[in-house]
Amino acid sequence: MSSSSQDWPNITFSGHETFTPRSNWLKKAFDLLQDIPDLFRRDDAFILLGVGKNMAQSIRFWGRATDLFERTETGDMRATELGAALLADNGWDPFLVTAAGRWLLHYQIVSNPDRAFTWYYTFNLLKRGDFTVKSLHSNIIDFINQKINKIPSENTLNRDIECMVRCYVRTPARSRAQPLEEVLHCPLLDLNLIQALPEQSGYRLASGARPDLPNALVALAAFRQARWHQRATLSFNDLAYGERSPGRIFRLDEDSLLSRLFLLEEVTGGIASYSDSGGIRQVIWRDLSQSQLAFKLIESAFASENTYA
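Residues numbered from 1 in each chain as written. Predicted model: local features only at pLDDT ≥ 70, side-chain atom pairs only at ≥ 80, totals over all residues. Heavy atoms only, no water.

## Observations regarding the packing of aromatic side chains
For the record, the criterion: The criterion for an aromatic pair is that two Phe, Tyr or Trp rings (for Trp, the six-membered ring) have centres within 6.5 Å, with stacked assigned to planes under 30 degrees apart, edge-to-face to planes over 60 apart and tilted to the rest. Counting as a charge over the ring demands two things of the Lys NZ or Arg CZ atom: a distance within 6 Å of the ring centre and an angle within 35 degrees of the ring normal.
Across all of its chains, the model carries 16 aromatic pairs by this definition. An aromatic cluster of at least three residues, connected via ring pairs, comprises Phe13, Phe117, Tyr120, Tyr121 and Phe143. Over the face of the ring belonging to Phe236 we find Arg281, whose NZ or CZ atom lies 4.0 Å from the ring centre.

## Structural notes on the pairing of strand E8 (residues 280-285)
Stated formally: When DSSP finds two or more bridges between a pair of strands, those strands are recorded as paired. Only runs of H or I of at least four residues qualify as helices and only runs of E of at least two qualify as strands under DSSP, and these elements are numbered from the N terminus.
When strand E6 (residues 233-235) meets E8, the two strands line up antiparallel, connected through 3 bridges. Residue pairing for E8: Leu234 is matched across the bridge by Val283. Here 6 bridges tie strand E7 (residues 272-277) to E8, and the two strands are oriented antiparallel to one another. Note on E8: the bridge partner recorded for Ala272 is Trp285.

## Structural notes on the sheet that holds E8
Stated formally: Note on geometry: axes are C-alpha line fits, over the in-contact stretch for helices, and angles between N-to-C directions span 0 to 180 degrees.
Sheet architecture is open: 3 strands sit in the order E6-E8-E7, paired in antiparallel fashion. Among the strands making up the open sheet, the edge pair consists of E6 and E7. Within this sheet the neighbouring strands show an average axis-to-axis angle of 25°, counted without direction.

## Observations regarding unusual backbone geometry
Operational definition: Burial classes: relative accessible area under 20% of the type maximum marks a residue as buried, over 50% as exposed, and values in between as partly exposed (1.4 Å probe, protein chains only).
Positive phi values are uncommon outside glycine, yet Gln230 reaches one of about 60°. Structurally, Gln230 can be placed in the loop between helix H10 (215-229) and E6. Using a relative accessible area of 67% as the deciding quantity, one classes Gln230 as exposed. Despite not being glycine, Arg244 has its phi angle at roughly 65°, a positive value. Counting through the fold element by element, Arg244 comes out in the loop between helix H11 (236-241) and helix H12 (246-249). In this structure Arg244 comes out as buried when scored by relative accessible area, which is 16%.

Laid out in structure tokens, this is it:
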């Protein structure tokens, strides 16, 4: 499977109301949804959440974009299995303060083309590492012109791109008297995945070793990429530069990715292994049918969080 043959029926460029996710938002919503499943259909949702009116809709968007919340058949919202494991009072990281929590949030957003396509395109499909809002806008329009007949308005797409950038690039504080919700920054800022180019209007996708990125999340991305391709064997180039690859999504340089792949057999309990035979570097999965492996890898990432403190 690849982008050239993939259908893109449900992609969207709005819903976040231009607000980046805040570290306490999803926990607030999770707690309320336990007793108020129709929370996001209520006129007073923003009052119950203690945020601005548009922010309530943004929280709903981010809950779904991260696959921590899902719609029920009645149109209400509930936590997914992953959402409950992460956000419950005794969950892995209810307020998204750990490195594992931040990296998981990023992975969930940028590996989902339907609900956050600008994020997906930037980290999976953008050809060059440097971009401006204008160039990224042009690239996305060119891409979706080839794939679907659902062109967003110029303003809608520009707002989407600007929101994506603000998730990862710090902007100067406007005022010391900002409301609390404005001060609580987006957890993705701490990942340093996008850098503003000095004295320019552009940005750069930054690559590096990512020492605080749990090995289990690299394994998660590799596993899901293999399942998406429906191939038990992927080459090193696939894993470094391919769509939905750990190399692209986490912006790992080649040496750092290679050192993580050496550990795959240990991290996956023998389900995957790295091979370098006859100059052919590849990862081989012995079993792609274990759908619960993804959940177990995420659980493992939080269990070993103290390793990355």
